[in-house]
Amino acid sequence: MLDAKLSRRGFLAGAAGAAAAVGASGYLSFGAWEKAHADEADDEPRFAGHSACGGCYSKCAYSAYVKNGRLGKIVGDKDHAFGVGKPCARGYGWSQMAYSANRLTDPLKRTEDGDFEVISWDQAYQEIGDKIKEIIATSGPQALSLVETGSVSMDFYVQRLFTALGCANMYRHGVACNLARNSGLLQSIGTGDFGADYANAKAVMFIGRSFADGIRPAYVAEVKAARDNGAYLIMVDPRYNSSMGFCDEWLPINPGTDLAFILAMAHVVVRDGLEDKEFIESDTVGFDIWAESLKQYTPEWAEKITGIAAADIERLAKLLAENAPAASIDSGWRAVTGCSYINSGETARAIAAFNGLLGCWNKPGGAILFPAAPAFGKLEDPRFAAPPAVKDKKLGAKEYPVSLYSMVSANFLMEQIQEGNVRGIVFCQSNMVGGYSNPKVLEEILTSAELSVDIEVQMTDTARCCKYVLPDTSFLERDDLPWSFAYAVPCLTLRSQVVDVLHPNTRPVHQIAKELAEACGVGQYFDFTLDELAEAQLNTLGLTLTEMREKGSISYPDKGVDYGAPIKWGTASGKFQFANDDMTKVGLTPDVNWIEPLVMPSGDEFRLIGGKQPIHSQSWTTDNPELIQITHDYDLTRIWMNAARAAELGIADGDEVEVYNDLNTGKVRVKVTERLNPTCIWMPSGYGCNSPDLTNAYGVGLSFMSFVPFQRDPYYGATMSQEALVKVRKVGA
Amino acid sequence: MLSWCFAPVSRKEWEAATDVDAWSELLGFLTGETKPSARRDAALRRLAVPPTYEEKTGFASRHFTGGLPGSALPVESLYAQSEAGPFDQAYFREPAWYMRDLAESLGLEIPASFAAYPDHLFLELDMAVFLHAANPEDARDFVAHRFTWLPRYVARLKSINADASFYVAVIEVLMCVVDAWREER
């Protein structure tokens, strides 16, 4: 028998007489426990609070229900403007992140042999803090940088840290998302985003944007409402995407030529005098310049470039004009306008300009400028005062003067690391290596950085290149600051902790930022708790923390779009800008003109295009076992190939093929379909994880960005993710 | 004592436990608790030379942590079979709930730093020892149900790209003890 004297010190702490309890009340056998547990199986989980999904940038709020200390159920909060009470697949899957077997549980430091080993938090802070101080002392604070995806506390706390350090180099993922779009829109309408009053629209055209494959449940609800109310919905996309279930018409445009299509439609509208002359007269500048340029962009000209019949271009231009102002072209997001082509930003400007011709801005059924989100008032407590403003501009701002400042190119930053101008970089839940540009190049640059730190929940492609990895808690395990955001009806949301911290050696990002600040000698700017700050912020809106914890989200319908009211354009001219002289700073014409794509396929080449599928947020969620199982069940790593092109290459549906170019090669199965433009291959984004630590994602599918060069568009600095050509051959052929 | 192989203990504690006399006593005890077999004998031979404190902490810092290719945290929830099928590799499942509830029913406290994994191997071993001191029959029942995951854990240890032979041997001997106890029930 085991001799008790050998047990020495045990780890279970017991009350006096605990051993007697075994005999007195009886040991709880597993069988008895299972039976009791089964009896409780029908017990409903209890409400634990309002959280907000961490599965993408939308942060849709939901009510969390817990049973046995574990998240058991989520129910969407209807008042959240993006989630509208309906968590998406990613929301459900990502809710299990707290329990992931692949979570990071301790601070890690890269060893000399390239592995990682656990270190204490004290050691991590000491070493990182010392290095940051040394970099600042010898090279100045601009030799540091931050890349983060912007997630409330993370946003506020890490930006505060870097501001306190005197560093302006704070970047986001826009370079591989919507940098060109937001920047192009800024130059036309004075803000980086716009929406549409879909529910009241008579006609909406989507250019390369599929709500059913994309991010927000609210968008799906809105396009459904448009459909239900009889709107005519047009999808311009090389691929017959998942949103076609809502649409009336599909135009399989040659990818990268959407700008030509819009210019030709604009030509038709102006040629036939269908533009909104009153709006143009009262609210705009530069129309005459653009009207002159448009003369050359005939539908016949565009047909040769886009593959869309001139007659269709004519018809659709007139359809939109005749239904104006309850008609618009949707703003797009990532594909086409966001970051895909050299002409992406100009395509965004063209969309805004076309909507200007329609005169549909802030009209029922038209394009809408989002009203400002409720802003927190001034906080009187001196502890909350911001650190001294940094006078320097972030690196890249000078080179890309017309880019939205908050989104200046993170790829430009990486070149600065390569050139030694930036010596240290901190990431916050940003898988840059996985998706911002060519992973091999980014990995090489990042591993050469003198200091690299990643604050993460999982060992992403980026984390594994860093020298230090600091484990964040999952979003379910922490409180957050309140955040308000602009939408058709602005919204205020608060995420609350709903489950206990699972891994005791993980820390919430706001705590990490505060403790790093202390290690760097700027801790005085963090002399408050998160709750104190949250309370103070909410008080300025007449709310309390207790109230917001109960409500979760509040919408502000009285602050929604004021249809028909005069618009205060945020542009330098104070007007809608068909032409903007600032564009000449980057070699563009003041008005929007045709720019052909950087590359064009010829012979047996294909343009590589990609996009989301509704079950994944790029590489963010691919390690989730439930979501990746859907990938496996439905063979969702397949590329799409046009049937006629496949026949030429002797490829049949389901074949294994090799996709290759000078940068990469990989094997995958193919879906052969009529529903794809013949000049391109469509590859789902987010797969091809190169981190063996993410055991569910590793080796599944192909890495889209591995086929794309490390490059930036010359105007806005975006990654040009679809300016890449590949060839395809059948494996074994 | 076996639990200490997987638990964070101080240098002083580890060196006291692995001094020649103490360690020999342990090996002798384990010999007595198990039936002769090739598996047991091979494991005991490997256990003859325990790792130094540096070797132990070095191994733990690379393998008894989550999120790495070589991660091998000895937590039952990560290895136990469940009805969830392919999604059964996750923390804080039924084994954890049972251990938590069992500890509570006995007036025992799970250390705060391990609240997330009350089904950590070192806690399960501690529980076995505790139960045995009170009622050996209960301890046998506990051991019979709680250590069915060990073969999968051994497979994991063997798969990591590191010399995990000591820890494999600990588990192999433990499984021999469990087998012996089962036969005595």
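Shown above is the structure to which this text applies.
Note that the coordinates shown come from a computational prediction; the quantities given were computed from them, not determined experimentally.

A.B. asks: In this structure, what is going on with the pattern of salt bridges? I would like to understand it.
C.D. replies: A side chain of one charge can pair with a side chain of the opposite charge if their charged atoms are brought near each other. Enumeration over the complete set of coordinates arrives at 55 salt bridges over all chains. The partner of Lys131 of chain A in a salt bridge is Glu450 of chain A, and the shortest N-O contact between them spans 2.9 Å. Placement of the pair is Lys131 of chain A in helix H4 (residues 121-139) and Glu450 of chain A in the loop between helix H16 (439-448) and strand E17 (451-456), with a sequence separation of 319 residues. Relative accessible area serves as the criterion here: at 24%, Lys131 of chain A is assigned to the partly exposed category. Note on Glu450 of chain A: relative accessible area 36%, which makes it partly exposed. Among the salt bridges present, the one from Glu415 of chain A reaches Arg712 of chain A, with a minimum N-O distance of 3.0 Å. Placement of Glu415 of chain A in helix H14 (residues 410-418) and of Arg712 of chain A in the loop between strand E27 (680-684) and strand E28 (725-730) is noted, with a sequence separation of 297 residues between them. Bridged by salt links that share partners, the residues Asp113, Asp115 and Glu117 of chain A together with Arg62 of chain B form one connected network.

A.B. asks: Teacher, can you tell me more about the packing of helix H6 (residues 179-189) of chain A against helix H13 (residues 344-358) of chain A here?
C.D. replies: The description of two helices packed together rests on the angle between their axes and the distance between the axes. Residues and elements named next belong to chain A. Across the interface, H6 lies against H13 with an axial gap of 7 Å and an inter-helix angle of 40°. With respect to each other, H6 and H13 are oriented oblique. At the point where H6 passes H13, the crossing takes the right-handed sense. Together, Ala180, Arg181, Gly184, Leu185, Gln187, Ser188 and Ile189 of H6 and Ser344, Gly345, Ala348, Arg349 and Ala352 of H13 make up the contact between the two elements. For the contact of H6 with H13, the class distribution of residues is 5 nonpolar, 5 polar and 2 charged.

A.B. asks: Which parts of the structure should I look at to understand the interface of chain B and chain A?
C.D. replies: Buried accessible area, meaning the area lost when the parts come together, often serves as the stated size of an interface. The interface is formed by 61 residues belonging to chain B together with 51 residues belonging to chain A. Around 5100 Å² of area is buried between chain B and chain A when both sides are counted, 64% of it from carbon and sulfur atoms. If you look at where chain B meets chain A, you find 3 salt bridges. Residues Arg62 of chain B and Glu117 of chain A are paired through a salt bridge, measuring 4.0 Å at the closest nitrogen-oxygen approach.

A.B. asks: I tried to follow the side chain of Asp591 of chain A on my own but got confused; where do I start?
C.D. replies: Residue and element names in this part refer to chain A. Note that Asp591 resides in the loop between strand E22 (576-577) and strand E23 (606-611). One buried charged residue, Asp591, remains without a salt bridge, the closest side chain of opposite sign being Arg349 at 6.2 Å. Among the polar contacts listed, one links the side chain of Asp591 to the side chain of Ser293, at a separation of 2.5 Å. Ignoring sequence-local partners within four residues, the contact set of Asp591 consists of Ile289, Trp290, Ser293, Glu346, Arg349, Phe578 and Ala579.

A.B. asks: It is not clear to me how the sheet that holds strand E3 (residues 61-67) of chain A should be interpreted in this structure. Could you clarify?
C.D. replies: Residue and element names in this part refer to chain A. With antiparallel pairing, the 3 strands of this open sheet are ordered in space as E2-E3-E4. The two strands at the open ends of the sheet, each matched to only one other strand, are strand E2 (46-52) and strand E4 (70-76). Strand-to-strand twist across the sheet, computed as the mean angle between neighbouring axes with direction ignored, equals 35°. Of the strand pairs in this sheet, E2 and E3 are connected by 6 bridges, and their pairing is antiparallel. Bridge pairing in E3 places Phe47 opposite Tyr65.

A.B. asks: Even after reading the chapter, I still don't get the sheet that holds strand E12 (residues 249-251) of chain A, so can you show me in this structure?
C.D. replies: Within a sheet, neighbouring strands are paired by backbone hydrogen bonds and run either parallel or antiparallel to one another. Residues and elements named next belong to chain A. Pairing within the open sheet is parallel, and its 4 strands lie in the order E12-E11-E10-E14. Every interior strand has two partners, whereas the edge strands, E12 and strand E14 (327-329), have only one. For this sheet the average axis-to-axis angle between neighbouring strands, irrespective of direction, equals 15°. Direction of pairing for strand E10 (residues 203-207) relative to strand E11 (residues 232-236): parallel, over a ladder of 5 bridges. Within E11, the position partnered with Ile207 by the bridge is Val236.

A.B. asks: Whenever I open this one, the packing of aromatic side chains confuses me. Can you help?
C.D. replies: In this description, an aromatic ring pair is defined by two values, namely the gap between the centres and the angle between the planes. Residues and elements named next belong to chain A. What the rule picks out here adds up to 47 aromatic pairs over all chains. Here the aromatic rings of Tyr219 and Tyr487 are separated by 6.3 Å at their centres, their planes lie at 45°, and the arrangement is tilted. Remark: Tyr487 occurs in the loop between strand E19 (483-485) and strand E20 (491-493) and Tyr219 occurs in helix H7 (residues 217-228); sequence separation between them is 268 residues. Each member of the pair, Tyr219 as well as Tyr487, is classed as buried.

Conventions we followed
- Every chain is numbered independently, its residues counted from 1 as its sequence is written.
- Written order determines the labels here, with chains lettered from A and ligands numbered from 1.
- Given that this is a predicted model, residues contribute local features only at a pLDDT of at least 70 and side-chain atom pairs are listed and counted only at 80 or more, while totals for whole chains, interfaces and linings are drawn from all residues.
- Hydrogens are left out, water is left out, and the side-chain values use all remaining heavy atoms of the structure.
- A pair is scored as a salt bridge if a Lys or Arg side-chain nitrogen falls within 4 Å of a carboxyl oxygen belonging to Asp or Glu.
- Numbered from the N terminus, helices here are DSSP runs of H or I no shorter than four residues, and strands are runs of E no shorter than two.
- Three exposure classes are used, based on accessible area relative to the maximum for each residue type with a 1.4 Å probe and protein chains only: buried under 20%, partly exposed in between, and exposed over 50%.
- A fitted line through C-alpha atoms represents every axis, and for helices the fit uses only the stretch in contact; the resulting angles, taken between N-to-C directions, go from 0 to 180 degrees.
- Working definition: roughly parallel below 35 degrees, roughly antiparallel above 145 degrees, roughly perpendicular at 65 to 115 degrees, and oblique for all remaining angles.
- Helix crossings get a hand from a simple test, with the near helix turned counterclockwise from the far one by less than a right angle marking a left-handed crossing and a clockwise turn marking a right-handed one.
- The contact rule is simple, with two residues in contact once any of their heavy atoms fall within 4.5 Å.
- Note that Gly is not counted as nonpolar here; it falls among the polar residues with everything else outside the nonpolar set of Ala, Val, Leu, Ile, Met, Phe, Trp, Tyr, Cys and Pro and the charged set of Asp, Glu, Lys and Arg.
- In short, buried area is how much 1.4 Å probe accessible area vanishes from two parts on joining, totalled over both.
- Charged residues are defined here as Lys and Arg on the positive side and Asp and Glu on the negative side; His and the ends of the chain fall outside this count.
- A 3.5 Å cut-off defines polar contacts: any pair of N or O atoms within that distance qualifies, except that in protein one atom must be a possible hydrogen donor and the other a possible acceptor, and neighbouring residues in sequence count only when both atoms are side-chain atoms.
- Paired strands, in this sense, are two strands between which DSSP finds at least two bridges.
- Aromatic rings from Phe, Tyr and Trp, with only the six-membered ring used for Trp, were paired whenever their centres fell within 6.5 Å, and each pair was classed as stacked if the ring planes differed by under 30 degrees, edge-to-face if by over 60, and tilted otherwise.

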